Amino acid sequence: MKRIEAYTCGMPHLDACLGILRRLIAKGDPNGVPLAERAIAEYLEATPVAARRSGLRLLQDDVLKQRDAVIGDRRDFAEIVNAYIEKMLAPP
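The shown structure was predicted, so the numbers you read here are calculated from the model rather than taken from an experiment. Per-chain numbering applies: the sequence of each chain, read as written, is numbered from 1 onward. Reporting of local features is limited, given that this is a predicted model, to residues whose pLDDT is at least 70; pairs of side-chain atoms are given and counted only at 80 or more, and all residues count toward the totals for whole chains, interfaces and linings. No hydrogens and no water enter the side-chain calculation; it runs on all heavy atoms of the structure.

(A) Spotlight on the packing of helix α3 (residues 33-46) against helix α4 (residues 49-68). Two numbers describe how α3 lies on α4: the axes approach to 10 Å, and their chain directions differ by 150 degrees. By the angle between their axes, α3 is roughly antiparallel relative to α4. For the pair α3 and α4, the sense of crossing is right-handed. Residues Ile40, Tyr43, Leu44 and Glu45 of α3 form the contact with α4, whose own contacting residues are Ala51, Arg52, Gly55, Leu56 and Leu59. In this classification, Asp, Glu, Lys and Arg are treated as charged, Ala, Val, Leu, Ile, Met, Phe, Trp, Tyr, Cys and Pro as nonpolar, and every other residue, Gly included, as polar. Among the residues forming the contact of α3 with α4, the class breakdown is 6 nonpolar, 1 polar and 2 charged. Angular values range over 0 to 180 degrees, each being the angle between N-to-C directions of two axes fitted as lines to C-alpha atoms, with helices fitted over their stretch in contact. Helix and strand labels come from DSSP, where a helix needs a run of H or I of at least four residues and a strand needs a run of E of at least two; each type is numbered from the N terminus. Reported orientations rely on four angle classes, namely roughly parallel under 35 degrees, roughly antiparallel over 145, roughly perpendicular from 65 to 115, and oblique for the rest. Crossing handedness is read from the near helix: turned anticlockwise from the far helix by less than a right angle, it gives a left-handed crossing, and turned clockwise, a right-handed one. Throughout, a residue-residue contact means that at least one pair of heavy atoms, one from each residue, lies within 4.5 Å.

Written out as structure tokens, the structure reads:
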């Protein structure tokens, strides 16, 4: 966790998105998927184009760590979020 915090120190939008995704994964409620997608979309809108891909990779790294630390619905939710991030990272 400290590694990601060191990289995001000057990126409040990324920090906010990470916080939202962590809380949603902790709940594991499938109804939270639109909130996760909106948090990621808002992060992308607030981030310069050149920094978006690396920011998405940081988000994905954290989501995968969260996924590996939970089970059941929480793990499933993290997988859904990861799939959405993968979709955003895919070439157009």
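We are not done yet, so read on.
(B) Quick peek at the nonpolar core. Residues belong to a common nonpolar core when they are buried Ala, Val, Leu, Ile, Met, Phe, Trp, Tyr or Cys residues joined through side-chain atoms within 4.5 Å. Three labels apply to residues, based on accessible area from a 1.4 Å probe with only protein chains included: buried if under 20% of the type maximum, exposed if over 50%, partly exposed otherwise in between. Judged by nonpolar contacts, the single largest core of 23 residues is most densely connected at Leu21, Ile40, Leu59, Val81 and Ile85. Each residue touching Ile85, except ones within four places of it in the same chain, is listed here: Ile40, Leu56, Leu59, Gln60 and Val63.

(C) Quick peek at α4. For a helix, the expected span equals 1.5 Å multiplied by the number of residues minus one. Taking 1.5 Å per residue as the helical rise, α4 with its 20 residues ought to reach 28 Å, and the 30 Å between its terminal C-alpha atoms agrees with that figure. For α4, the set of buried residues is Gly55, Leu56, Leu58, Leu59, Gln60, Asp62, Val63, Gln66 and Arg67.

(D) Up close: the confidence of the model for the chain. The score called pLDDT rates the predictor's confidence residue by residue, from a low of 0 to a high of 100. On average, residues of the chain carry a pLDDT of 90, and 88% of them reach 70 or more. Confidence, read as mean pLDDT per element, is least for helix α1 (residues 2-8) in the chain (45) and greatest for helix α5 (residues 73-89) (97). Per-residue pLDDT stays below 50 along residues 1-10; that stretch engages in 15 contacts with residues further than four places along the chain or on separate chains.

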